[in-house]
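# Notes for the structure review
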Amino acid sequence: MAKKTIREMLHGREFIAAPGIFDLVSAKIAAQTNAKALYMTGFGTVASYLGYPDAGLATYTDMLDRATAIAQVVDKPVIADGDTGYGGLLNVHHTVRGYEKAGVAMIQIEDQQIPKKCGHTPNRHIISTEEMVNKIKVACDARSSKEFLILARTDARTAVSLDEAIRRAVAYSKAGADAIFIEAPESVEEMKKIGASVDAPLVSNQLHGGKTPILPQGQLEEIGFSAAIYPTAGLFAAAKALQDVYEAHAEGRLVETPLWAFQDFVKMIGFQKIWDFEKKYADLLAVENASAQG
């Protein structure tokens, strides 16, 4: 049976909870859960891949490289952060084509000025509504299939006001965006107002440690959201575990942090395929090894 696309899930009113993935290990682990989709977080990807803060330092090529690698190793739809589209209208067109070709299911494009910053940090600035509407129109035209979705994000809540963010959300939906992401509402009341004001599929950024309340998925759905992304939870959990393990090693202590069993990790990462290959081609590998030995 074919897996549902994000478009089918949104139209069928199936709530989508997308764990944040930031590298190939996190992607493969998340793909083995019951999650309906995965979210390639810009914050986490820039941190894990480049060791930089999410402050506009990653290039289109950097992010496309990660998106391509992730999409190739998972069998779940991937929602991927495309920042501002990495420039003007021509850049947006190029970015959408690249992400779609990479196997991404939905690209997120935001209305920040370049260089952009993480949506829960200060000093963010936004482009005009008209500029972002034009980006959305170009993005919609650039895709080769309508199954590839455009998620339009606005940072106007922090930069201007909640009312401005809602006004922009409505405009972006009318321009053709398949789903809307209002960044950083600061209370449940603000989230309810968004749900009541925007007649489009809404994505909640459930960023642990950020400005937005972390709510049960049932409550998010009840107040009008169609999906939730969780950019930082997995990243921060992994970072804390790594810190504990590395400090134990450095201080000569035994590791007490819970660890995956070696055999479980071996299975998850795909060693069985290697062993199956070696079994299938045992005769050929024997010849190869004999030749190598002289």
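Quick note: structure is the one above.
Here's a quick rundown of the structure. (Residues numbered from 1 in each chain as written. Predicted model: local features only at pLDDT ≥ 70, side-chain atom pairs only at ≥ 80, totals over all residues. Heavy atoms only, no water.)

A few words on the sheet that holds strand S3 (residues 78–81). Strand order in the open sheet made by the eight strands is S6-S5-S4-S3-S2-S1-S8-S7, with parallel pairing throughout. Across the chains shown, the open sheet's two edge strands, defined by having one partner strand only, are strand S6 (179–182) and strand S7 (203–205). Pairwise comparison of adjacent strand axes, ignoring direction, gives a mean angle of 25 degrees for this sheet. Direction of pairing for strand S1 (residues 16–21) relative to strand S2 (residues 38–40): parallel, over a ladder of two bridges. Among the inter-strand pairings, Gly 20 is bridged to a residue of S2, identified as Tyr 39. (Pairing = 2+ DSSP bridges. Helix = DSSP H or I, 4+ residues; strand = E, 2+ residues; numbered from the N terminus. Axes fitted to C-alpha atoms, helices over the stretch in contact; angles between N-to-C directions.)

Here we come to helix H3 (residues 42–50). Residue pairs spaced three or four apart in an α-helix point in one direction, given the helix's 3.6 residues per turn. Those residues of H3 that fall on the buried side of the exposure criterion are Gly 42, Gly 44, Thr 45 and Val 46. On its buried face, H3 sits against S1, S2, helix H4 (60–73), S3 and helix H11 (233–250). Immediately downstream of H3, the backbone of Gly 51 shows phi near 75 degrees, a positive value. (Buried < 20%, exposed > 50% of the residue type's maximum accessible area, 1.4 Å probe, protein only. Contact = heavy atoms within 4.5 Å.)

Let us look at the packing of helix H8 (residues 162–175) against helix H9 (residues 188–197). Viewed as axis vectors pointing N to C, H8 and H9 meet at an angle of 30 degrees, and their least axial separation amounts to 10 Å. Judged by the angle between their axes, H8 and H9 are roughly parallel. The crossing of H8 and H9 is right-handed. Residue-level inspection shows Leu 162, Asp 163, Ile 166 and Val 170 of H8 in contact with H9, the latter providing Glu 190, Lys 193, Ile 194 and Ser 197. Taken together, the residues of the contact of H8 with H9 sort by class into four nonpolar, one polar and three charged. (Parallel < 35°, antiparallel > 145°, perpendicular 65-115°, else oblique. Left-handed = near helix turned anticlockwise from the far one by under 90°. Nonpolar A, V, L, I, M, F, W, Y, C, P; charged D, E, K, R; others polar.)

This part takes up the side chain of Asp 54. For Asp 54, the location among the structural elements is in the loop between H3 and H4. Here Asp 54 falls in the buried class, since its relative accessible area comes to 10%. Separated by 3.1 Å, the side chains of Asp 54 and Lys 116 make a polar contact. For Asp 54, the contacting residues outside a window of four places in its chain are Gly 42, Phe 43, Val 46, Lys 116, Lys 117 and Cys 118. (Polar contact = N/O pair within 3.5 Å; in protein donor to acceptor, adjacent residues only side chain to side chain.)

For the rest of this paragraph, the subject is the layout of surface pockets. Of the voids in this model, the largest pocket is the one considered here, and its volume is about 680 Å³. Along the walls of the largest pocket sit 21 residues, with Val 25, Ile 29, Ala 237, Ala 238 and Ala 241 positioned nearest its centre. Listed by contribution, the elements that provide at least two residues to the lining of the largest pocket are S1, helix H2 (24–31) and H11. Considered class by class, the residues forming the lining of the largest pocket number 16 nonpolar, four polar and one charged. (1 Å grid on protein atoms, 1.4 Å probe; cavity = no way out; pocket = protein on both sides within 12 Å on 5 of 7 lines; lining within 4 Å. Points joined across faces, edges and corners; volume = space filled by probe spheres on them.)

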